[in-house]
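Here are the chains, one letter per residue:
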Amino acid sequence: MPAPRDPRPLTGEPLALDLLNTRWMSEGTLQDLLTDVDGLAVWLDSTGLSGGHTPDDAMLRHVRQAREALRTAVDGSLEEGAPLVDAVLEHGRVRVALTPQGPVEQPELSDPAWGPGWLAARDYLELLSIAPDRIRSCAHESCVLHFLDTSRNGTRRWCSMATCGNRAKASRHYARTKDA
């Protein structure tokens, strides 16, 4: 039986930002995909992390802890968020190995239930080392989504031009025509 459809408006971002985007606004109400294990299963499936272990309550708690740590680091400050992200990262480490296919990095976890949350926290560190200035929050005042700005000139402002960008343009147009 196929997994339920992912209801989120923005998917496909790097893992750390995709985890943040499990919370979104819909018609003025905050939605949360991670309210239960079924929602966790949808997120794991959409990110390609569903293989290996069955989602359970412990994994849900750990993923939610990782999401809160990332939210604090991205929306707050690294000073506030670093200890929270570190608390997630303490549950695993990277083991470097050489295989017949070449060098690999393999996570070693204190508990497999930490896997998805730990991988998201690790992904955030990689984003910070590659393009910290390209980690963005949508500029629309009622949007809580995050994205990695991959535009050529680095000036992307909206999670989606079709939704938030269009709402902003329509709002500016309305304000201009109302005043005229």
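See the structure shown above.
Residues numbered from 1 in each chain as written. Predicted model: local features only at pLDDT ≥ 70, side-chain atom pairs only at ≥ 80, totals over all residues. Heavy atoms only, no water.

## Topic: the nonpolar core
Point 1. Judged by nonpolar contacts, the single largest core of 40 residues is most densely connected at Leu 19, Leu 40, Trp 43, Leu 70 and Cys 159.
Point 2. When residues of this core are traced back to their parent elements, those giving at least two are helix H1 (15-20), helix H2 (37-47), helix H3 (57-76), helix H4 (78-89), helix H5 (115-130) and strand E6 (146-148).
Point 3. Considering every element that reaches this core, the biggest residue donor is H3, with eight residues. (Core = buried A, V, L, I, M, F, W, Y, C linked by side-chain atoms within 4.5 Å. Buried < 20%, exposed > 50% of the residue type's maximum accessible area, 1.4 Å probe, protein only. Helix = DSSP H or I, 4+ residues; strand = E, 2+ residues; numbered from the N terminus.)

## Things to note about the pattern of salt bridges
Point 1. The tally for this structure, following the rule as stated, stands at 10 salt bridges.
Point 2. The salt bridge partner of Arg 71 is Glu 68, with a shortest N-O separation of 2.5 Å. Of this pair, Arg 71 and Glu 68 both sit in helix H3, three residues apart, which is roughly one turn of the helix.
Point 3. On the accessibility criterion, Glu 68 (35% relative accessible area) is partly exposed.
Point 4. Linking Arg 93 and Glu 108 is a salt bridge whose minimum nitrogen-to-oxygen distance equals 2.7 Å. Placement of the pair is Arg 93 in strand E3 (residues 92-99) and Glu 108 in strand E4 (residues 102-109), with a sequence separation of 15 residues.
Point 5. Assessed through its relative accessible area of 29%, Glu 108 is described here as partly exposed.
Point 6. Linked through salt bridges whose partners overlap, the residues forming this network are Asp 6, Arg 8 and Asp 18. (Salt bridge = Lys/Arg side-chain N within 4 Å of Asp/Glu carboxyl O.)

## With respect to the pairing of strand E1 (residues 23-26)
Point 1. In the sheet, E1 pairs with strand E2 (residues 29-32) via four bridges, with the strands oriented antiparallel. Paired with Ser 26 across the bridge in E2 is Thr 29. (Pairing = 2+ DSSP bridges.)

## What about the packing of H4 against H5?
The description of two helices packed together rests on the angle between their axes and the distance between the axes.
Point 1. Remark: H4 packs on H5, axes separated minimally by 9 Å, with the N-to-C direction vectors making an angle of 135 degrees. In terms of their interaxial angle, H4 and H5 are classed as oblique. Of the two elements, H4 crosses H5, and the hand of that crossing is left-handed. Here Leu 78, Val 85, Val 88 and Leu 89 of H4 come into contact with H5, specifically with Gly 117, Trp 118, Ala 121, Arg 122, Tyr 124, Leu 125 and Leu 128.
Point 2. Looking at the contact of H4 with H5 residue by residue, the class counts come to nine nonpolar, one polar and one charged. (Axes fitted to C-alpha atoms, helices over the stretch in contact; angles between N-to-C directions. Parallel < 35°, antiparallel > 145°, perpendicular 65-115°, else oblique. Left-handed = near helix turned anticlockwise from the far one by under 90°. Contact = heavy atoms within 4.5 Å. Nonpolar A, V, L, I, M, F, W, Y, C, P; charged D, E, K, R; others polar.)

## Describing a nonpolar patch on the surface
Point 1. On the surface, Met 25, Leu 30 and Val 144 cluster together to form a nonpolar patch covering roughly 200 Å² of accessible area.
Point 2. Within the element layout of this structure, Met 25 appears in strand E1.
Point 3. Residue classification places Met 25 among the partly exposed residues on the basis of a relative accessible area of 31%. (Patch = residues over 30% accessible without salt bridge, like charges linked within 9 Å, V, L, I, M, F, W, Y side chains within 5 Å. Areas by Shrake-Rupley, 256 points an atom, 1.4 Å probe, with all protein chains shown as cover.)

## So, the pairing of E3
Point 1. Taken together, the eight bridges between E3 and E4 define a ladder with antiparallel strand orientation. Bridge assignment links Thr 99 to a residue of E4, and that residue is Gly 102.
Point 2. Hairpin connection between E3 and E4: a loop of two residues separates the two successive antiparallel strands.

## With respect to the environment of Met 25
Point 1. Remark: the alpha-carbon pair of Met 25 and Ser 142, spanning 117 residues in sequence, is separated by 7.3 Å.
Point 2. When near neighbours in sequence (up to four residues on either side) are disregarded, Met 25 contacts Leu 30, Ser 142 and Val 144.

## Points about the packing of aromatic side chains
Point 1. Inspection of the entire model under this criterion finds zero aromatic pairs.
Point 2. Directly above the ring of Phe 147 sits Arg 156, whose terminal nitrogen or CZ lies 4.0 Å from the centroid. (Phe/Tyr/Trp six-rings, centres within 6.5 Å; stacked < 30°, edge-to-face > 60°. Lys NZ or Arg CZ within 6 Å of the ring centre and 35° of its normal.)

## Remarks on H4
Point 1. Taken together, the buried positions of H4 are occupied by Gly 81, Val 85, Val 88 and Leu 89. Buried residues of H4, seen end-on, are gathered within an arc of 90 degrees and therefore sit on one face of the element.
Point 2. On the buried face of H4, the contacting elements are H3, E3 and H5. (Arc of directions from axis to C-beta.)

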